[in-house]
Amino acid sequence: PGTRLDFGGIAKGYAVDQALAALRSAGATAGVVSLGQSSVGLFGTSIDLEVRDPEREPGEPGKPWAVFRVHSGCVSTSGSDQRGPHILDPRSGEYATGVLSVTVLAATGVEADALSTAAFALGAGPGLRLIEERGAAGFVLLREGGASVLRATPGFADEHALKLTKRVRLLE
């Protein structure tokens, strides 16, 4: 009683996968599908994505914390910046609050979406381990001791030409 199943954690990823499949079946040799900054998929091209301040006010663009390059696959970001707290930690039943946001690069939109949501609920250390165990890459944005920190899976910064602003510290 009182429990419901919600596919919101993978819905945008599924939509990205379907749109990419439609482009490929129509003969496209390259394509980008963006459902907002939180769900992006691409093939046959590379793009740079900005990492926005996850503590910005809804509707404000905010200043980027970082920029990274995506060569192929899908990207998903989970956080509470635009919608407020909405991801539950299944261990406690409470809203997950340990990190500001999680971004995952994976082969499919569904996998990227599922991993970013799960890693957000798990927190920085366990979440990054899950991402790496699943063969994906990504990072977590958080505050540590008042400092802005980006914690990434091993090799992420080099592989994706990560560029940070001066106010953000990288931990790999």
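One can find the structure itself at the top, above this paragraph.
On a predicted model such as this, the values are computed, not experimentally measured, just so you know.

### A closer look at the packing of aromatic side chains
Stage number 1. Within this structure, the stated rule accounts for three aromatic pairs.
Stage number 2. Ring centres 5.7 Å apart and planes at 55 degrees place the aromatic pair F68 and F156 in the tilted group. With F68 in strand β4 (residues 64-70) and F156 in helix α4 (residues 156-159), this pair connects stretches of sequence that are 88 residues apart. The pair formed by F68 and F156 is uniform in burial state, with each residue classed as buried.
Stage number 3. On the basis of an interplanar angle of 70 degrees and a centroid distance of 5.3 Å, the ring pair of F139 and F156 is categorised as edge-to-face. Of this pair, F139 sits in strand β7 (residues 137-144) while F156 sits in helix α4; the two residues are 17 residues apart in sequence, bridging distant segments of the chain.
Stage number 4. Take F156: its relative accessible area is 1%, and that puts it in the buried class.
Stage number 5. Pairwise contacts between aromatic rings join F68, F139 and F156 into one cluster.
Stage number 6. The ring of F43 has R24 sitting right over it, with the charged end atom 4.3 Å from the ring centre.

### A few points about the side chain of S78
Stage number 1. Structurally, the position occupied by S78 is in strand β5 (residues 73-79).
Stage number 2. Owing to a relative accessible area of 6%, S78 belongs among the buried residues under this scheme.

### Observations regarding the pattern of salt bridges
Side chains bearing opposite charge may pair, as long as their charged atoms lie close to each other.
Stage number 1. Applying the stated criterion across every chain, the model contains three salt bridges.
Stage number 2. When the shortest N-O distance is used, the salt bridge between R134 and E111 registers 3.8 Å. With R134 in the loop between α3 (124-133) and β7 and E111 in helix α2 (residues 109-122), this residue pair connects regions lying 23 residues apart in the sequence.
Stage number 3. Residue E111 is classed as partly exposed on the basis of its relative accessible area, which comes to 22%.
Stage number 4. Between R169 and E144 there is a salt bridge; the shortest N-O distance is 3.9 Å. Linking R169 in strand β10 (residues 168-171) with E144 in strand β7, this pair joins segments that are 25 residues apart in sequence.
Stage number 5. The exposure class assigned to E144 is partly exposed, which follows from its relative accessible area of 28%.

### Describing the nonpolar core
Stage number 1. F68, V70, F139, L150 and F156 are the most contacted members of the largest nonpolar core, which has 21 residues in total.
Stage number 2. At the level of elements, β2 (39-43), β3 (47-52), β4, β7, β8 (147-152) and α4 are the ones that each hand at least two residues to this core.
Stage number 3. Sort the elements by how many residues they give to this core and β4 lands first, with four residues.
Stage number 4. If near-sequence neighbours (up to four positions away) are discounted, F156 is found in contact with F68, L105, A137, G138, F139, L162 and E172.
Stage number 5. Core analysis: the next-biggest nonpolar cluster, separate from the first, contains 20 residues, F43, C74, A106 and A119 among them.

Rules and cut-offs
- Residues numbered from 1 in each chain as written.
- Predicted model: local features only at pLDDT ≥ 70, side-chain atom pairs only at ≥ 80, totals over all residues.
- Heavy atoms only, no water.
- Phe/Tyr/Trp six-rings, centres within 6.5 Å; stacked < 30°, edge-to-face > 60°.
- Helix = DSSP H or I, 4+ residues; strand = E, 2+ residues; numbered from the N terminus.
- Buried < 20%, exposed > 50% of the residue type's maximum accessible area, 1.4 Å probe, protein only.
- Lys NZ or Arg CZ within 6 Å of the ring centre and 35° of its normal.
- Salt bridge = Lys/Arg side-chain N within 4 Å of Asp/Glu carboxyl O.
- Core = buried A, V, L, I, M, F, W, Y, C linked by side-chain atoms within 4.5 Å.
- Contact = heavy atoms within 4.5 Å.

Everything listed here is a matter of coordinates, which is why it stays silent on function.
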